Protein chains: 2
Amino acid sequence: MPKDRAPTRIQKKNRAAILEAALNVFSAHGFRGATVDQIAAEAGLSKPNLLYYFPSKEAIHTALLSGLLETWLAPLHELDKNGDPMTEILSYIHRKLQMSRELPRESRLFANELVQGAPRIHDALSNDLKALVDEKTAILTTWMDQGKIARVHPYHLFFSIWALTQHYADFDVQVRAILSEEDPFEGAGPFIDMLYRKLLSP
Amino acid sequence: MPKDRAPTRIQKKNRAAILEAALNVFSAHGFRGATVDQIAAEAGLSKPNLLYYFPSKEAIHTALLSGLLETWLAPLHELDKNGDPMTEILSYIHRKLQMSRELPRESRLFANELVQGAPRIHDALSNDLKALVDEKTAILTTWMDQGKIARVHPYHLFFSIWALTQHYADFDVQVRAILSEEDPFEGAGPFIDMLYRKLLSP
DNA sequence: CGTGAGTTTGACCAGATGGTCAAATCAAGA
DNA sequence: TCTTGATTTGACCATCTGGTCAAACTCACG
């Protein structure tokens, strides 16, 4: 294992290559479905070499997940209580949809984890995610009290946004099987936009 | 392997037990994450005994999936072009939500499969599902033409229904991490109902 | 009963998989 | 250039996993 000093040029390059390869493999096959050999091959390293940078398969997975959780929650952090309610919410939704479009592997990595009971990120959900959602829920409730948006169950509002936006990344095959030619995101943006405008108009 | 005659009492019992156990294990761990030993143990059989009833792990999985696909599409089949548009659509949505509540393992089985690219049911999606959706899409379009419901992209309407309803089964852990005490379906029903009423009101 | 088909199992196998290790190779500063 | 730590690898190992097989056991029925 590399020493605990400042990472060398080679360490940076190889760690990055490993995480990139691992994202491909884990998101496509899930944790148990992924093999270390496969990740190593995709990263252009031998298996022992890979295990020189990360102590175990589990460690790679953990590194990926914890790194991505931050990225994943970022769009919600930006929701600003001082902005215009409808604009803020729609912007959040479009940021989420954009993430599904640009980071589908990340979305599927989380989906794999969640569908299987989130054994490795359960704590992060109950702590970090829960806290952030509660904070933003309070803002939504204020807006509802002020009559600036329609009154809906704020938690379920979040669930619906996550479900709708991530669906396009997670169930991409199904979406494309139905749409055949059309670019899914082409129609998804306007559809979701209209949906939430109608739902939230006071 | 049991002969091709009418199944004996024991065959019926054991096949059922195997499929039941396999549903538990596959839905919780995905295809590769599941082991034959685990399924056998949960079915109360030895591994060779299990493989006396199904020739391979793959065969069990296939049997499960093809059996369930029918169940899964049933709610959409019921959508009746002669019924009241809004009622028909909302009934469909509630049937789907009910399935997420009562058959969460089945939902997660499909979710696992889809997230990982649906290697084993891709054909069924492009054929059976696509055909059914196209048939029902035509009905929706007629209703829109007649001004009985608002005009929205019908494919994306279906995606949104699937995403919203299955979310509660597939991402159950996350939902519960946010809601803590509350029963998810308690709030989900009214929320989704209101959402589609607003979206589809002409 | 007895018998043949249906059912069950312990022992076993080959390949895959996560991980280890000592030895070899490489890179960069003195 | 030389040295020392960083990097890489071939060979190896224990365990897991899907699957096989012959032998043993059980059951239904004449």
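A few points on the structure. Treat the numbers as computed from the prediction; the structure is a model and nothing was measured.

Quick word on the protein's contact with DNA strand C
Moving on, step 1. In the neighbourhood of DNA strand C, 21 residues make up the surrounding shell, with Val36 and Lys47 of chain A together with Thr8, Gln11 and Tyr53 of chain B lying closest.
Moving on, step 2. Sugar and phosphate atoms constitute 60% of the interface atoms of DNA strand C, taking the interface as everything within 4 Å of the protein.
Moving on, step 3. Within the side chain of lysine 47 of chain A, one N or O atom sits 2.8 Å away from a base nitrogen of DNA strand C.
Moving on, step 4. A distance of 3.2 Å is found between a phosphate oxygen of DNA strand C and a side-chain nitrogen or oxygen belonging to serine 46 of chain B.
Moving on, step 5. For the surface near DNA strand C, the class distribution of residues is eight nonpolar, seven polar and six charged.

Topic: the environment of alanine 28 of chain A
Moving on, step 1. For alanine 28 of chain A, the position within the fold is in helix H1 (residues 9-33).
Moving on, step 2. Expressed as a C-alpha distance, the spacing of alanine 28 of chain A and leucine 109 of chain A, which sit 81 residues apart in the sequence, is 7.8 Å.

Comments concerning unusual backbone geometry
Moving on, step 1. Positive phi outside glycine occurs at serine 180 of chain A, with the angle close to 45°.
Moving on, step 2. Summarising the element assignment, serine 180 of chain A is placed in the loop between helix H9 (172-179) and helix H10 (184-200).
Moving on, step 3. Using a relative accessible area of 47% as the deciding quantity, one classes serine 180 of chain A as partly exposed.
Moving on, step 4. Non-glycine residue alanine 118 of chain B carries a positive phi angle of around 50°.
Moving on, step 5. Of note, alanine 118 of chain B is situated in the loop between helix H6 (104-115) and helix H7 (122-145).
Moving on, step 6. Alanine 118 of chain B sits in the buried class, given a relative accessible area of 0%.

Here's the deal with the nonpolar core
Moving on, step 1. Counting 146 residues, the largest nonpolar core has Tyr196 of chain A together with Tyr196 of chain B as the members making the most contacts within it.
Moving on, step 2. Beyond its immediate sequence surroundings of up to four residues, tyrosine 196 of chain A is in contact with Met86, Leu90, Ile93, Leu157, Ser160, Ile161, Leu164 and Ser201 of chain A.

Considering the interface of chain B and chain A
Moving on, step 1. Residue-level contacts link 54 residues of chain B with 54 residues of chain A.
Moving on, step 2. Roughly 4,800 Å² of surface becomes buried between chain B and chain A when both sides are summed, with 70% attributable to carbon and sulfur atoms.
Moving on, step 3. Looking at the side of chain B facing chain A, the largest losses of area belong to Val115, His156 and Ile178 of chain B, adding up to 15% of the total buried there.
Moving on, step 4. There are zero salt bridges connecting chain B and chain A.
Moving on, step 5. The interface formed by chain B and chain A contains 14 residue pairs in polar contact (both at pLDDT 80 or more).
Moving on, step 6. Elements that contribute at least two residues to the side of chain B that touches chain A include exactly helix H1 (9-33), H6, H7, helix H8 (154-170), helix H9 (172-179) and helix H10 (184-200) of chain B.
Moving on, step 7. The leading source of residues in the side of chain B that touches chain A is H8 of chain B, at eleven residues.
Moving on, step 8. Here the residues of the side of chain B that touches chain A sort into 29 nonpolar, 18 polar and seven charged.

A look at the protein's contact with DNA strand D
Moving on, step 1. DNA strand D sits among 22 residues. The nearest are Thr8, Gln11 and Tyr53 of chain A together with Arg9 and Lys47 of chain B.
Moving on, step 2. If you look at DNA strand D and keep only atoms within 4 Å of the protein, 59% of those are sugar or phosphate atoms.
Moving on, step 3. Between DNA strand D and tyrosine 53 of chain A, the relevant distance is 2.7 Å, taken from a phosphate oxygen to a side-chain nitrogen or oxygen of the residue.
Moving on, step 4. Take lysine 47 of chain B: an N or O atom from its side chain is 2.8 Å from a base nitrogen of DNA strand D.
Moving on, step 5. Every element with two or more residues in the surface near DNA strand D is listed here: H1 and helix H3 (47-53) of chain A together with helix H3 (47-53) of chain B.
Moving on, step 6. Of the residues contributing to the surface near DNA strand D, the split by class is nine nonpolar, seven polar and six charged.

Quick word on the side chain of histidine 156 of chain A
Moving on, step 1. Counting through the fold element by element, histidine 156 of chain A comes out in helix H8 (residues 154-170).
Moving on, step 2. The buried category is assigned to histidine 156 of chain A, whose relative accessible area is 0%.
Moving on, step 3. Once you skip the residues sitting within four places of it in the chain, histidine 156 of chain A turns out to touch Tyr168, Leu179, Glu182, Pro184, Gly187, Ala188 and Phe191 of chain B.

Focus: the relation of the copies chain B and chain A
Moving on, step 1. Note on the identical chains: chain B maps onto chain A by a rotation of 180° and an axial translation of 0.0 Å, with an RMSD of 0.1 Å. Taken together, these values place the two copies in the relation of a two-fold axis. When C-alpha distances to the rotation axis are compared across chain B, the minimum falls at alanine 163 of chain B, with a value of 2.6 Å.
Moving on, step 2. Taken together, the interface assignments show that 100% of the residues at the interface of chain B recur at the interface of chain A, consistent with an identical surface on both copies.

Each value, and the rule that gives it
Residues numbered from 1 in each chain as written. Chains lettered and ligands numbered in written order. Predicted model: local features only at pLDDT ≥ 70, side-chain atom pairs only at ≥ 80, totals over all residues. Heavy atoms only, no water. Near = heavy atom within 4 Å. Polar contact = N/O pair within 3.5 Å; in protein donor to acceptor, adjacent residues only side chain to side chain. Nonpolar A, V, L, I, M, F, W, Y, C, P; charged D, E, K, R; others polar. Helix = DSSP H or I, 4+ residues; strand = E, 2+ residues; numbered from the N terminus. Buried < 20%, exposed > 50% of the residue type's maximum accessible area, 1.4 Å probe, protein only. Core = buried A, V, L, I, M, F, W, Y, C linked by side-chain atoms within 4.5 Å. Contact = heavy atoms within 4.5 Å. Buried area = accessible area lost by both parts, 1.4 Å probe. Salt bridge = Lys/Arg side-chain N within 4 Å of Asp/Glu carboxyl O. Least-squares fit on C-alpha atoms with pLDDT ≥ 70 in both.

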